[in-house]
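This is what each chain is made of:
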Amino acid sequence: MSETATLPRSDFAPLIQEVRAAGLLERRTRRYAGTVGLDLLLYGAVFALIAFVGDSWWQLALAVPAAILTTRLYFVGHDAGHGQIAGTRRMNRLMGMLIGNLAVGLSYGWWTDKHNRHHANPNHVDKDPDVGVGVLVWTAEQAADRRGAVTRWLTRNQGRLFFPLLLLEGFNLKVSSVRSVISAARGKTGARQRRTALVEAAFLALHFAGYLGLVFSVMSPGKAVLFILVHQAVLGVHLGCSFAPNHKGMPMPGPDERWDHLRKQVLTSRNVRGGLLTDWFLGGLNYQIEHHLFPGMPRPNLRRAQPLVRAHCERLDLPYTEEGLIESYAHALGHLHAAGAPLR
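Residues numbered from 1 in each chain as written. Predicted model: local features only at pLDDT ≥ 70, side-chain atom pairs only at ≥ 80, totals over all residues. Heavy atoms only, no water.

Under an unreviewed UniProt entry, the protein has the name Acyl-CoA desaturase and belongs to Actinoallomurus liliacearum.

K.L.:
Which parts of the structure should I look at to understand the environment of Ala 143?
P.N.:
On the secondary structure map, Ala 143 appears in helix α7 (residues 140-144). Spatially, the C-alpha atom of Ala 143 lies 36 Å from that of Ala 63, the residues being 80 residues apart in sequence. (Helix = DSSP H or I, 4+ residues; strand = E, 2+ residues; numbered from the N terminus.)

K.L.:
Any chance you could explain the UniProt feature "transmembrane region" (unreviewed entry) in the protein here in plain terms?
P.N.:
When the UniProt feature table is mapped to this numbering, "transmembrane region" (unreviewed entry) covers residues 32-51, 94-111 and 197-218. Here residues 197-218 runs as 100% helix and 0% strand, with 32 Å between its end C-alpha atoms. (UniProt positions renumbered as here; feature names shortened; annotations may be inferred.)

K.L.:
Help me understand empty space enclosed by the protein in this model?
P.N.:
To find leftover empty space, a probe the size of one water molecule is rolled over the atoms. Under the definition given, this model contains one cavity of 30 Å³ or more. There is about 40 Å³ of room inside the largest cavity. Around the largest cavity, the lining residues are Tyr 43, Thr 70, Val 104, Lys 174, His 207, Tyr 211, His 231, Gln 232 and Leu 235. Put simply, the parts of the chain that give the lining of the largest cavity at least two residues each are α11 (191-218) and α12 (221-243). Tallying contributions element by element places α12 first for the lining of the largest cavity, with three residues. Looking at the lining of the largest cavity residue by residue, the classes come out as four nonpolar, four polar and one charged. (1 Å grid on protein atoms, 1.4 Å probe; cavity = no way out; pocket = protein on both sides within 12 Å on 5 of 7 lines; lining within 4 Å. Points joined across faces, edges and corners; volume = space filled by probe spheres on them. Nonpolar A, V, L, I, M, F, W, Y, C, P; charged D, E, K, R; others polar.)

K.L.:
What's the story with the pattern of salt bridges in this structure? I'm lost.
P.N.:
If the charged atoms of two oppositely charged side chains come close together, the side chains can form a pair. This model, assessed by the stated rule, comprises ten salt bridges. For the salt bridge of Lys 223 with Asp 55, the shortest nitrogen-to-oxygen distance reads 3.5 Å. Highlighted residues: Lys 223 in helix α12 and Asp 55 in the loop between α2 (29-53) and α3 (58-61), separated in sequence by 168 residues. Given a relative accessible area of 47%, Asp 55 falls into the partly exposed group. A salt bridge links Asp 130 to Lys 114; the nearest nitrogen and oxygen atoms lie 2.7 Å apart. Pair noted here: Asp 130 is in the loop between α6 (108-120) and α7 and Lys 114 is in helix α6, with a separation of 16 residues, a long-range link. What makes Lys 114 partly exposed here is its relative accessible area of 25%. A cluster of three or more residues bridged by salt bridges with shared partners is formed by Asp 11, Asp 260 and Arg 263. (Salt bridge = Lys/Arg side-chain N within 4 Å of Asp/Glu carboxyl O. Buried < 20%, exposed > 50% of the residue type's maximum accessible area, 1.4 Å probe, protein only.)

K.L.:
Before we go on, may I ask you to explain the side chain of His 82 in this structure?
P.N.:
Mapped onto the elements, His 82 comes out in the loop between α4 (63-81) and α5 (89-104). With relative accessibility at 5%, the residue His 82 sits in the buried group. With sequence-adjacent residues up to four places away left out, His 82 is seen in contact with His 115, Asn 116, His 119, His 291, Pro 295 and Gly 296. (Contact = heavy atoms within 4.5 Å.)

K.L.:
What is the right way to read the layout of surface pockets from this model?
P.N.:
Roughly 1100 Å³ of volume is contained in the largest pocket. Lys 114, Asp 130, Glu 169, Asn 172 and Leu 173 are, among the 42 residues lining the largest pocket, the residues nearest its centre. Elements supplying a minimum of two residues to the lining of the largest pocket: α4, α5, α6, α9 (158-166), α10 (169-186), α12 and α15 (288-293). Taken together, the residues of the lining of the largest pocket sort by class into 23 nonpolar, 15 polar and four charged. Arg 89, Arg 93, Tyr 108, Thr 112 and Asn 116 are, among the 31 residues lining the second largest pocket, the residues nearest its centre. Only α4, α5, α6, α10 and α11 provide two or more residues apiece to the lining of the second largest pocket. Broken down by element, the lining of the second largest pocket gets its largest block of residues, six residues, from α6.

K.L.:
Would you take a moment to explain the UniProt feature "domain: Fatty acid desaturase" (unreviewed entry) in the protein for this structure?
P.N.:
The UniProt entry lists residues 56-322 under the feature "domain: Fatty acid desaturase" (unreviewed entry), expressed in the numbering used here. Structurally, residues 56-322 is divided into 66% helix and 1% strand, and its ends, taken at the C-alpha atoms, are 45 Å apart.

K.L.:
Explanation requested: unusual backbone geometry in the structure shown.
P.N.:
A negative phi holds for most residues other than glycine; trans holds for most peptide bonds. In this model, Asn 123 sits at a positive phi of 65 degrees, which is unusual for a non-glycine residue. Counting through the fold element by element, Asn 123 comes out in the loop between α6 and α7. Judged by its relative accessible area of 2%, Asn 123 falls in the buried class. Backbone geometry at Asp 317 places phi at a positive 55 degrees, although glycine is not the residue there. Checked against the element boundaries, Asp 317 lands in the loop between α16 (302-315) and β2 (322-323). Overall, Asp 317 belongs to the exposed group, its relative accessible area being 70%.

What follows is the structure, given as structure tokens:
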């Protein structure tokens, strides 16, 4: 996605000039090389330790650090999808597939397409796939259209059920990835798209063969199943906790509203206040306003861009939302609860 997608005379132009002059759009190749290398080393070390421990209940405890480190790799795949890491689209795509499809079992192509559509129109009910109707709904109008006793019960209680549902998100991402890759490989797309889908399918197959092969070879079947459940459940919760505060409960543009790039990204996004621990836990995506304004900006630079963005918003009298972690969750869950009100 391009940071220069708006008209040069927009309110966004002075900000991007200031950010570019500060060097914040330049690649941080060495920083990423160190970060990705360390994440992969720790990720591999945890699974090596699982094999070393042998068939023991201690292996289940290792599912927690395994999930945390898996989430770190998800963040790397996210950055590759935005072209933040390497200097060419081809290299970022290769890194995305190696990290996403091969290392963690997530379709890079499916996720990137979905996520870029979200970035183009955040919180827009008709255009943002992240606020489309699914297990959850995001507006009272969506709730009113729900049918079926189970679905309506879920919607009535979705604020309370949000975190329990995250326990299934790790599995949901894998199922969606497999379905998407199979559909793309069989679909009536171009030859290039089908070849890419087949490469993604091969990487996913290698991931599942390696992951399941390791787990079931070093654990009894019962412990292996429990390990997978714990690993994917903690992964889902960690990912959900990282992405939930970003937009939930923020303004949602109507179908006929036309906001410029600056307002579209700032008004629909929420930053999460905190220090280095918050940055680490949320993968740097707690600087969501900066990330949405400059999706190609390397993640390590988002913190440095924040003072420039905040000052620019103040000059324009544009609301800049930043909350504590607990407060942001409270607003996100409150929005979900309110959206289900028509069924209560």
